[in-house]
Each structure stands twice: as structure tokens, then as C-alpha cells.
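This is what each chain is made of:
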Amino acid sequence: MSTTDMNTATLVDEEELRYARAEKREKIAKWLLPVLVIALAIFLWDRMVVWNDIPHYILPGPGLVLETLIKDWGMLSDALIVTLKITLAALAVAVIGGVGLAILFTQSRYFEMSFYPFAVILQVTPVVSIAPLIFIYVDSRIAGLLLCAWIVAFFPILSNTTLGLNSTDHNLRDLYKIYGATRWQRLRYLQLPTALPYFLGGLRIAGGLSLIGAVVAEYVAGTGGIGSGLAFRILEAGYRLNIPRMFAALLLIAATGVVIFTAASLLSHALLHKWHESAIKRES
Amino acid sequence: MTLPPSIPPMGQRDKLLEMSNVDKVFGGTVVALKDMNLTVNQGDFISLLGPSGCGKSTALRLISGLMRPTSGHINWEGGQKTGDLGVVFQEPTLMPWATVEQNVWLPFRLRGKSIRDVQDEIMWALKMVGLEKFQKSYPRELSGGMKMRVSIARSLVTEPRLILMDEPFAALDEITRHKLNNDLLELRDKLKCTVIFVTHSVFESVFLSDRIVVMAARPGRVSSEVTVDAPYPRTEEFRTSAEYAELCRKASDALHGAMNEHGTRASA
Ligand SMILES: Nc1ncnc2c1ncn2[C@@H]1O[C@H](COP(=O)(O)OP(=O)(O)OP(=O)(O)O)[C@@H](O)[C@H]1O
Ligand SMILES: [Mg+2]
């Protein structure tokens, strides 16, 4: 009997070990694989340019793009800051507006009935088609850009947060009622925490959308000069056939998008990892 | 604590609340309760036993004030005060984002009390259910039985006069359920509180209660009442005693009687 016990004990140990090894491997692969694939893609890009003798005004190699990025850093970083400011401001206003409206919606059915269609209309109308009008009616260029980016970004926050605020457990709602909770207490202690994971899901989408909104609006707004963002720099470089600079600016936009998404994911993890299913790591 | 030293025997208890001629009709057509009368005395452990759909949950919701009767009255002796009522649902109904102690704090929190001010009460309630070591845990870290204990701790943290329980252990396995049954009786013995306990289980109702109110369906009403006069404390020995078997047979007969009233079949 003791031998079988021993056997099972060692078996379990081996299994555990194998499992631990597999987990470690997966952890490394999660980082290593994407990095390798990107490195390979850049390498192939470089080789293609060199092997086929592609002129840099058609397709610059990665080295040249990097060189341009460093050379034009003064101008590009200014543009990056402009685009970032508009993106983040639009996102902030989208969060405030989206959450605020969602709260108003759940406080009054009639308010929701009245204004939800407006929100949908704003959402389904492509921003490129509204943007020219916005720039006619809004004098300040910055305000126009902000408005465009906001229109694109706020809807996912609004709809997700509204869904979350309405997803409270009905027994908990009864319990709050029995204990005589006020509307405000119910909102604060029950509805807002319930809505948090939904809101964070919306935030991740809205982060990317506000960048898209900011870039698209800038294309439409056109006129550049001092205080213009990355999108305008791409347009401008295109007119001058400065393809390497187009790529450098593009690289910055993509990097900005990745950073925003990562930041939203980290925030989500930080806020939810203690209790929410989406953020809890399961054993198997 | 101003609890009486012991629960007086049945027949000598003060009245706590009374349901008189209560009707509850949903949507103008579904008669969930028809002319229900029930007197609840201080210290009673009442089980509501009956087939599905006979209005047990409806009766509890009426007593808890979540709904108003269509007609009839529910009167608390001396009026109902805040904190007079504790409730336990079939699911633990905990807030997953809050720790155990924060969940137990809820009834006080909604009365504007800070967690510091009621730390003693929270720890006392957690000790009552044997979870004092888990105050900082999150619900997902607990087993189903432990979650139910937190839910019970929350229901008794305000030292309510009446605790309403709607099939609280129905979703648990048999072993956990027996354990929680024993603990519930121990709690009741310490707190001298009044309990109304909804169950589908004849055995559970006999083990726990001193009054079994058997209900019939269509329309929901009280069919009969079985008195369980076995003395407390009741332990595991009681479960295997001849007295227990006899009482279960009695309650079972009453339940079948209720299901056959007016020709309504048990299978319906
Ligand atoms: N909110 C409601 N609206 C309409 N009908 C309802 C509502 N709540 C309950 N009913 C009806 O009232 C009757 C009694 O329901 P109730 O939930 O009180 O039964 P129950 O005895 O608790 O049943 P179970 O043992 O299945 O929990 C049922 O026929 C049910 O369909
Ligand atoms: Mg029920």
C-alpha cells in the first residue's frame, strides 16, 4: 500500500513539474513570439528593399525610416504632442460625457428614451462626413478636432456603462431596498462597481477610437502650420514625396495606439484583478 | 445586548407580527396568495413548506416590505424599526468587489455608519458563523458553504428581530447543508431570534423548526400547521431518532394533504 502511495506521490510531482514547465514556457512565448515575428517582418522588409533596389521615394527601408525619425524628431515630436493632446482630451471628455450620460440614463427612463436615439445617430454617422461641417461652424480648430474625436470615442463608453449600470444582481437590488438604501447609495455602492468592468471594456475601445477620431479630423481640417499634428505631417510629407517621413509619422501613430491600449489594459487589470472573472487567472 | 435569557415555550411567546387576510394578485389574474393568515411570535422558528409556486417566496417578500399586499394587512407589534429584519436568499448574494467584512458591513453602511464604528459588530457576526479569519477575503476565494455563512453573518449583524430565509441551503450539497443546519440552530439558540425559513425539504423543516406551516397552491394559502415539539438543542442524534422519523411522516402527510386539496395533483 505504501508503494502505491509513493508512486502516486511521484506521479503527481512529475505532473506538477510538467505543468509548471509548460506554464513557464507559455509565459516566455507570450512575449518572445510577437517580438520575433515583428523582427522577422522588419528584416524581410529591409531585404525586399535592398534585393529589389526599391528607391526610397517608393518604399524606404526600415533603417531609413528610423534615420528620418531621429533627424526629424524635433518636428515630429511636436506633432506627436499635438495629436496626443487631442486624443487624450477627447478620451477624457468621452469618459466624463459617456459615464455622465449613462448615469442620467439609468436615473430616468424618459431621459434615456429622449436622448438615446441622438447618441445612436451620432455614432452611426461616419465622422468624416460630419467633420467638414464641424469645421465650418466651430471657429477654434482645436475645439473642432476635439469634437470630432469625442463623437467617435464616447459611444462605446456610453453604451457599455449603461449596460453595466443596468446589470446589477436583482437579489442585491432587493437587499438594498430592504435596508432602505437611497438612490445615491444604490448608485455608488452597487451600480457603479457592477458597471466598472463594462466601463473598462468600453474604455479600451474608446482609447483607440479617440486616436482614430483625432487623426481623421486632422485630415479633414487640413490647414497646418504651427500646432499641427501627426496626420497633417503625413499629408504634408505626401505632397512633398517625402515617403520616409510619412513612414516615421505613421510609426509614431501606431506606437501611440499601442501605448493607449496597453495603458487601458493595465488600468483594467489593476482595478479588477482582485475580484472580476475576466482578470482572475485560473489554475488550469 | 438586550436579548431574553431563553426562548419561552410555544404558547407563552409574545407576538412579533401578524399577517391577516393577505391576498396577493399579480397582473390582475395570477392569485399568488389568497386569504393568508399567519401569526409570528418572538422566538418562533417557522418553516414554510409547500409545493413549488404556492407563494412561499411571495409571502417572504410581503413580510420584507418589498411588495405590498393587494389586500389585507401585515402588522409588526410595536411597529417595524430599521435593522429589525435580516434576509438570506437562495444564492449568497454577495458583492464580488467587496471583501467579506465589507459585505457584512452593508446594512450599517446604508445607514451611514463607517466600518470603523461597527468593527465590533462585524467581527461578532463573523465569529457567529465561524469566519472571523476570513474578514479580508474576497467572495471568490470562498466555498459555496462559506459564502452562505457570510450571507448569514450579514443578515444578523444588525441583531434583527426577524430573519427571513428563502431556501438558503437548497443549492448546497447534503453534508454542507447538515452542517449549516446544525450551526443555524446553534446561532438561533444564542441570539434568540425569530426565523421564517422557506424550504422544499420535509426533513430540513422538521429538523430546524418548531412550527411547520404547510402551504397549498392555486391559490397559495396556509393548508395546515405541524408543531414540532422536540426540545432544542437538536443534534445529529435527533436526525436518527424514532421521534424525528415520526415527525417527518407527519409533516410529509400534511404536505401531501396540501397537494391533494381541491384535487390539485402533486404532479401539477
Ligand atoms: N413578480 C411576479 N409577477 C407575476 N407572477 C408572479 C410574480 N412572482 C411570483 N409570481 C407567481 O406567483 C406564484 C407564487 O410564486 P412564488 O415565487 O411565491 O412561489 P414559491 O412557493 O416561492 O415557489 P418555489 O418553491 O418554486 O420558489 C407563482 O405562480 C408565480 O408564477
Ligand atoms: Mg420561491
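Source: prediction; values computed, not measured. (Residues numbered from 1 in each chain as written. Chains lettered and ligands numbered in written order. Predicted model: local features only at pLDDT ≥ 70, side-chain atom pairs only at ≥ 80, totals over all residues. Heavy atoms only, no water.)

## Let's talk about the interface of chain A and chain B
The partner chain B presents 22 residues to the 19 residues of chain A that form the contact. When chain A packs against chain B, the two sides together hide about 2100 Å² of surface, and 68% of this comes from carbon and sulfur. Of all residues in chain A, A:Ile178, A:Tyr179 and A:Trp275 bury the most surface against chain B, accounting for 34% of the area lost on that side. Remark: the boundary between chain A and chain B carries one salt bridge. Note that B:Arg61 and A:Asp174 form a salt bridge whose closest N and O atoms lie 2.8 Å from each other. If you look at where chain A meets chain B, you find four residue pairs in polar contact (both at pLDDT 80 or more). With seven residues, the top contributor of residues to the side of chain A that touches chain B is helix α7 (residues 170–178) of chain A. Residue composition of the side of chain A that touches chain B, grouped by class: 11 nonpolar, four polar and four charged. (Contact = heavy atoms within 4.5 Å. Buried area = accessible area lost by both parts, 1.4 Å probe. Salt bridge = Lys/Arg side-chain N within 4 Å of Asp/Glu carboxyl O. Polar contact = N/O pair within 3.5 Å; in protein donor to acceptor, adjacent residues only side chain to side chain. Helix = DSSP H or I, 4+ residues; strand = E, 2+ residues; numbered from the N terminus. Nonpolar A, V, L, I, M, F, W, Y, C, P; charged D, E, K, R; others polar.)

## Details of the domain arrangement of chain B
Split by domain assignment, chain B resolves into domain 1 (14–38) and domain 2 (82–195). Relative placement of domain 1 of chain B and domain 2 of chain B: their C-alpha centres are 28 Å apart. (Domains from an automatic or database assignment.)

## Looking at empty space enclosed by the protein
All names here are of chain B. Evaluated as defined, the whole model comprises two cavities of 30 Å³ or more. The computed volume of the largest cavity comes to approximately 50 Å³. As for the largest cavity, its lining consists of Ile152, Leu156, Ile163, Met165, Leu184, Leu187, Arg188, Cys193 and Val195. Put simply, the parts of the chain that give the lining of the largest cavity at least two residues each are α4 (144–156), β6 (162–166) and α5 (174–191). In terms of residue count, α5 provides more of the lining of the largest cavity than any other element does, three residues in total. The residue inventory of the lining of the largest cavity, partitioned by class, reads eight nonpolar, no polar and one charged. Of the voids in this model, the second largest cavity is the one considered here, and its volume is about 40 Å³. Every residue lining the second largest cavity is listed: Val129, Arg149, Ile152, Leu180, Asp183, Leu184 and Leu187. Looking at the lining of the second largest cavity, the elements that each hand over two or more residues are α4 and α5. By residue number, the principal contributor to the lining of the second largest cavity is α5, which donates four residues. A breakdown of the residues in the lining of the second largest cavity according to their chemical character gives five nonpolar, no polar and two charged. (1 Å grid on protein atoms, 1.4 Å probe; cavity = no way out; pocket = protein on both sides within 12 Å on 5 of 7 lines; lining within 4 Å. Points joined across faces, edges and corners; volume = space filled by probe spheres on them.)

## Things to note about the pairing of strand β3 (residues 45–49) of chain B
Residue and element names in this part refer to chain B. Counting buried residues along β3, five of its five residues qualify, which places the element largely inside the surrounding structure. In β3, alternate side chains face the same way, and those of Phe45, Ser47 and Leu49 on one face and Ile46 and Leu48 on the other are all buried. When β3 meets strand β7 (residues 194–199), the two strands line up parallel, connected through five bridges. Each residue of the ladder has a partner; that of Ile46, found in β7, is Ile196. (Buried < 20%, exposed > 50% of the residue type's maximum accessible area, 1.4 Å probe, protein only. Pairing = 2+ DSSP bridges.)

## Some remarks on a negative patch on the surface
Together, A:Asp13, A:Glu14, A:Glu15 and A:Glu16 make up a region of like negative charge exposed at the surface. If you trace the backbone, A:Glu14 turns up in helix α1 (residues 2–51). (Patch = residues over 30% accessible without salt bridge, like charges linked within 9 Å, V, L, I, M, F, W, Y side chains within 5 Å. Areas by Shrake-Rupley, 256 points an atom, 1.4 Å probe, with all protein chains shown as cover. Lys, Arg positive; Asp, Glu negative; His and termini not counted. Charge placed at Lys NZ, Arg CZ, Asp CG, Glu CD.)

## A short note on the nonpolar core
B:Leu17, B:Met19, B:Met36, B:Leu48, B:Leu162, B:Leu164 and B:Ile196 are the most contacted members of the largest nonpolar core, which has 78 residues in total. In terms of residues, this core owes the most to one element, helix α6 (residues 141–165) of chain A, which gives 12 residues. Beyond its immediate stretch of four places on either side in the chain, B:Ile196 contacts B:Val40, B:Ile46, B:Leu48, B:Leu60, B:Ile63, B:Leu162, B:Ile163, B:Leu164 and B:Met165. Counting 57 residues, the second-largest nonpolar core is a separate cluster that includes B:Val104, B:Phe169, B:Phe197 and B:Ile212. (Core = buried A, V, L, I, M, F, W, Y, C linked by side-chain atoms within 4.5 Å.)

## A short note on helix α9 (residues 230–239) of chain A
All names here are of chain A. Most of α9 is tucked away, with seven of its 10 residues classed as buried. Looking at the buried positions of α9, the neighbouring elements they touch are α3 (73–107), α8 (183–221) and α10 (243–272). Remark: Leu241 follows α9 within two positions and exhibits a positive phi of approximately 55 degrees.

## A look at the site of ligand 1
All names here are of chain B. Taken together, Phe26, Ala32, Ser52, Gly53, Cys54, Gly55, Lys56, Ser57, Thr58, Glu167 and His200 are the residues near ligand 1. Residue Gly55 places a main-chain N or O atom 3.0 Å away from an oxygen atom belonging to ligand 1. Within the side chain of Thr58, one N or O atom sits 2.5 Å away from an oxygen atom of ligand 1. Considering ligand 1 on its own, with 630 Å² of exposed area, one finds that the protein chains cover 58% of that surface. Ranked by residues supplied to the shell around ligand 1, first place goes to helix α1 (residues 56–64) with three residues. (Near = heavy atom within 4 Å.)

## So, the pattern of salt bridges
Residue and element names in this part refer to chain B. Counted under the stated rule, the structure contains 20 salt bridges over all chains. A salt bridge links Arg211 to Asp44; the shortest N-O distance between them is 2.5 Å. Residue Arg211 is located in strand β8 (residues 211–216), and its partner Asp44 is located in the loop between β2 (30–41) and β3; the two are separated by 167 residues in the primary sequence. Considered together, Arg211 and Asp44 belong to a single accessibility category, that of buried residues. The partner of Lys136 in a salt bridge is Glu101, and the shortest N-O contact between them spans 2.6 Å. One end of the pair, Lys136, is in the loop between α3 (119–128) and α4; the other, Glu101, is in helix α2 (residues 100–109), and 35 residues separate them in sequence.

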